[in-house]
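The residues making up each chain are set out below.
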Amino acid sequence: MTTHLSSPSQYLDLLSKYDTWMFDCDGVLWNDDHLIDGAIEVLKLLRTHQKQILFVTNNASKSRKTYKKKFDQLGVEAHVDEIFGSAYAAAVYISSVLKLPKDQKVYVIGMNGLEEELAEEGVAYLGGTDPADNTLSFTPSSVFSPDPSVSAVLCGLDLSLNYTKLSKAFTYLHTLGPKCHFIATNLDSTYPAKGGILPGAGAVMAGLRVASGREPVCVGKPEATMLECIKAKHDFNPERTIMVGDRLNTDILFGQRGGLATLLVLSGITHLEEVAGPNPSPIVPTYYTNSLGDLRAAGGSQNGSKIGNGFVVNGNGHALNGNGHALNGNGHVLNGNGHVLN
Ligand SMILES: C[C@H](OP(=O)(O)O)C(=O)O
Ligand SMILES: [Mg+2]
């Protein structure tokens, strides 16, 4: 059973319940470079309450360092060691879980964020943003001769996807068979962009999955690898940790599998009907609300200020009714001492 958050006291309750707040990025903090209204204020509110903040994104287009620049540009306080992306998770997986021998290489379908994280982890790679692979001209007669040192194919969001990359990645998977690891940064079918949605990493690698007949190992949400990367760097109590996301089959499932509470926001991929019915998803978040900005109500917003859901709140964070009387979480009118008026 999920709880729809709608009153200041419910948001306040969330603040007291959880010490560690893990945030998905696309669809929660921003859509492309368009900040979600109130996101900055809520993150500041959480930091003033000494909450542990972590960012957990499936978007493999940027490295942690490049994400830090995006946070800075958007005015969102974030520290590199708080940022976990699927590009980082993929590099750690290859170096520390697969323990790919140093003389072996990874063929990459992906962007420079993925290459930066592989390089940081000392993983040799080819493909990716190499100009020789980023060409639209292809000679179908010639199947290229694979690099004998390649023993893994890694696929992530690639805005420059083309047939050359697809055919090279396929050739490694097809000729080497099970000896060639097939790894996906994430399988998101789409991602939220300003004004709509666009094909995600899952769509980028669909052709490779069909042609090779193989399913990749996914390192991004909802899989555990990302949480293992976080645990390797940060201590936190799962029982007092909440994962905030916009996609049920990645963010919310990731939280559930990690034993975390989950808060779904409707500012990205998921629509209200998928959580409130009439035919809700079997993936049920602990809580849901319209947008991260709704949590401003937990901060004792300035008297009379509007918050998410259209509530006007007083200085104690209590919503006001049409006559300016404060209400509790159940909508009962409170007296000046916060007691319910009979
Ligand atoms: C949508 C996803 O990013 P996230 O929502 O995990 O930040 C992605 O860009 O594939
Ligand atoms: Mg998202």
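The chain is annotated in an unreviewed UniProt entry as 4-nitrophenylphosphatase of Jaapia argillacea MUCL 33604. The record held by UniProt for the chain lists under Catalytic activity (unreviewed entry) the comment "4-nitrophenyl phosphate + H2O = 4-nitrophenol + phosphate + H(+)".

1. Some remarks on the coordination of the magnesium ion (ligand 2)
Asp-24 (OD), Asp-26 (O) and Asp-246 (OD) make up the full set of protein donors to the magnesium ion (ligand 2), lying at 2.0 to 2.1 Å. For the magnesium ion (ligand 2), the donor residues sit on a single chain with the sequence spacing D-x1-D-x219-D. With a gap of 222 residues between them, Asp-24 in the loop between β2 (20-23) and β3 (30-31) and Asp-246 in the loop between β14 (241-245) and α10 (248-257) connect regions that are remote in the sequence. Neither residue differs from the other here; Asp-24 and Asp-246 are each classed as buried.

2. Side note on helix α3 (residues 64-74)
Residues of α3 that are buried: Arg-64, Tyr-67, Lys-70, Phe-71 and Leu-74. The buried residues of α3 occupy an angular sector of 110° when projected down its axis, which confines them to one face. Facing away from the buried side of α3, by more than 90 degrees, are the exposed residues Lys-65, Lys-69 and Gln-73. Directly beyond the C-terminal end of α3, a positive phi value near 75° is found at Gly-75.

3. A look at the UniProt feature "binding site: Mg(2+)" (unreviewed entry) in the chain
The residues that UniProt annotates with the feature "binding site: Mg(2+)" (unreviewed entry) are Asp-24, Asp-26 and Asp-246. For the residues just named, distributed over 223 residues, the greatest C-alpha separation is only 7.9 Å, placing them together at one site. Set against the largest cavity, the annotated residues named above that line it are Asp-24, Asp-26 and Asp-246. The buried category is assigned to Asp-24, whose relative accessible area is 4%. Ignoring any residue separated from it by four or fewer positions in sequence, one finds Asp-24 in contact with Leu-29, Val-56, Thr-57, Lys-221, Met-243, Val-244, Gly-245, Asp-246 and Asp-251. At a separation of 2.7 Å, a polar atom in the side chain of Asp-24 contacts the side chain of Lys-221. What Asp-26 contacts, discounting residues up to four positions off in sequence, is Asn-31, Thr-57, Asn-59, Tyr-67, Pro-192 and Asp-246.

Criteria and cut-off values
The residue count restarts for each chain, going from 1 along the sequence in the order it is written. Chains carry letters and ligands carry numbers; both start at the beginning, A for chains and 1 for ligands, and go up in the order they are written. Side-chain atom pairs in this predicted model are given and counted only at pLDDT of 80 or more, local residue features only at pLDDT of at least 70, and totals for whole chains, interfaces and linings cover all residues. Just so you know, side-chain values use all the structure's heavy atoms and leave hydrogens and water out. UniProt positions are given in the numbering used here, feature names are shortened, and annotations may be inferred rather than shown by experiment. Coordination here is defined by N, O and S atoms within 2.8 Å of the metal (3.2 Å for Na, K and Ca), and since water is not considered, a site can look incomplete. For helices the rule is a DSSP run of H or I covering at least 4 residues; for strands it is a run of E covering at least 2, with both sets numbered from the N terminus onward. To sort residues, take the accessible area from a 1.4 Å probe on protein chains only and compare it with the maximum for the residue type: under 20% means buried, over 50% means exposed, and anything in between is partly exposed. Regarding the arc, it is the one traced by the directions from the helix axis to the C-beta atoms. Any residue with an atom within 4 Å of a point lines the site, the site being either a cavity, points on a 1 Å grid over the protein atoms alone where a 1.4 Å probe fits but cannot get out, or a pocket, an open set with protein on both sides within 12 Å along at least 5 of 7 lines. Whether two residues are in contact is decided by their heavy atoms: any pair within 4.5 Å suffices. Contacts described as polar in this section are N or O atom pairs within 3.5 Å, which, within protein, must combine one atom able to donate a hydrogen with one able to accept it, while residues neighboring in sequence count only if both atoms come from side chains.

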